[in-house]
Amino acid sequence: MEPMDIVGRTKEDASLPKATMTKIIKEMLPPDVRVARDAQDLLIECCVEFINLISSESNEVCNREEKRTIAPEHVLKALEVLGFGEYIEEVYAAYEQHRHETMDTMRSGKWSNGAEMTEEEALAEQQRMFAEARARMNGGGSAPKQSDAETQPTSNS
């Protein structure tokens, strides 16, 4: 019998995109470092377990407050409870940046339903986000944000 998680699905049902995770792993390491496939799989499994741990504790925090929806403050409190308090400031900064970028995008009408972004735009956005994450991990700062004129295709509409 396979191990079950709290929602009744097997652990194999909950995973992260392997190609994306492999890219993140490789981008965080020096170019001369190679990672064995089983080590990549282990790192991916660790990420899944970390997400499960944070989600579960966030749910506990939410329940203690008699709320029905997990909010960002519940996730931040879960990080503190689980001993990851040193990451709260960085996680909150990343959340605020994401929220700000999402609001800008929604206001510009670019993502009314998420399907209007071309594959090239999505790839460019992914690369920009990877670069920002890499800069935060390597230097504690953030990569310079491209201006809207650089990231949006020109049109006469």
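Up top you'll find the structure we're talking about.
Definitions and cut-offs
- Residues numbered from 1 in each chain as written.
- Predicted model: local features only at pLDDT ≥ 70, side-chain atom pairs only at ≥ 80, totals over all residues.
- Heavy atoms only, no water.
- Helix = DSSP H or I, 4+ residues; strand = E, 2+ residues; numbered from the N terminus.
- Areas by Shrake-Rupley, 256 points an atom, 1.4 Å probe, with all protein chains shown as cover.
- Buried < 20%, exposed > 50% of the residue type's maximum accessible area, 1.4 Å probe, protein only.
- Phe/Tyr/Trp six-rings, centres within 6.5 Å; stacked < 30°, edge-to-face > 60°.
- 1 Å grid on protein atoms, 1.4 Å probe; cavity = no way out; pocket = protein on both sides within 12 Å on 5 of 7 lines; lining within 4 Å.
- Points joined across faces, edges and corners; volume = space filled by probe spheres on them.
- Nonpolar A, V, L, I, M, F, W, Y, C, P; charged D, E, K, R; others polar.
- Salt bridge = Lys/Arg side-chain N within 4 Å of Asp/Glu carboxyl O.

### Some remarks on the overall build of the protein
Okay, step 1: Per the secondary structure count, the protein includes six helices and zero strands.
Okay, step 2: Of the accessible surface of the protein, which amounts to about 11,800 Å², a share of 55% is contributed by carbon and sulfur atoms.

### With respect to unusual backbone geometry
Okay, step 1: Positive phi outside glycine occurs at E66, with the angle close to 55 degrees.
Okay, step 2: Within the element layout of this structure, E66 appears in the loop between α2 (37-64) and α3 (72-81).
Okay, step 3: A relative accessible area of 74% means that E66 is categorised as exposed.

### Details of the packing of aromatic side chains
Okay, step 1: Evaluated as defined, the whole model comprises three aromatic pairs.
Okay, step 2: Judged by centre distance (6.4 Å) and plane angle (50 degrees), the ring pair of F84 and Y87 falls under tilted.
Okay, step 3: The exposure class assigned to Y87 is partly exposed, which follows from its relative accessible area of 41%.
Okay, step 4: A centroid spacing of 6.0 Å and a plane angle of 50 degrees characterise the contact between Y92 and Y95, whose relative ring orientation is tilted. Of the two residues, Y92 and Y95 both sit in helix α4 (residues 88-108), three residues apart, roughly one turn of that helix.

### A look at the layout of surface pockets
Space left empty within the atom packing is revealed by a probe, the size of a water molecule, rolled over the atoms.
Okay, step 1: In this structure, the largest pocket encloses a volume near 1,700 Å³.
Okay, step 2: For the largest pocket, the lining is made up of 33 residues, of which I24, F50, V91, R136 and M137 are closest to its centre.
Okay, step 3: Where the lining of the largest pocket is concerned, the elements lending two or more residues are α1 (18-28), α2, α3, α4 and α5 (119-139).
Okay, step 4: It is α4 that provides the largest number of residues to the lining of the largest pocket, a total of eight residues.
Okay, step 5: Across the lining of the largest pocket, the residue classes break down as 25 nonpolar, four polar and four charged.

### Considerations on the pattern of salt bridges
Okay, step 1: Evaluation of the coordinates by the stated rule reveals eight salt bridges.
Okay, step 2: For the salt bridge of D41 with K18, the shortest nitrogen-to-oxygen distance reads 2.9 Å. Linking D41 in helix α2 with K18 in helix α1, this pair joins segments that are 23 residues apart in sequence.
Okay, step 3: The partner of E101 in a salt bridge is R128, with the nearest N and O atoms 3.2 Å apart. With a gap of 27 residues between them, E101 in helix α4 and R128 in helix α5 connect regions that are remote in the sequence.
Okay, step 4: What makes E101 buried here is its relative accessible area of 13%.
Okay, step 5: Residue R128 is classed as buried on the basis of its relative accessible area, which comes to 10%.

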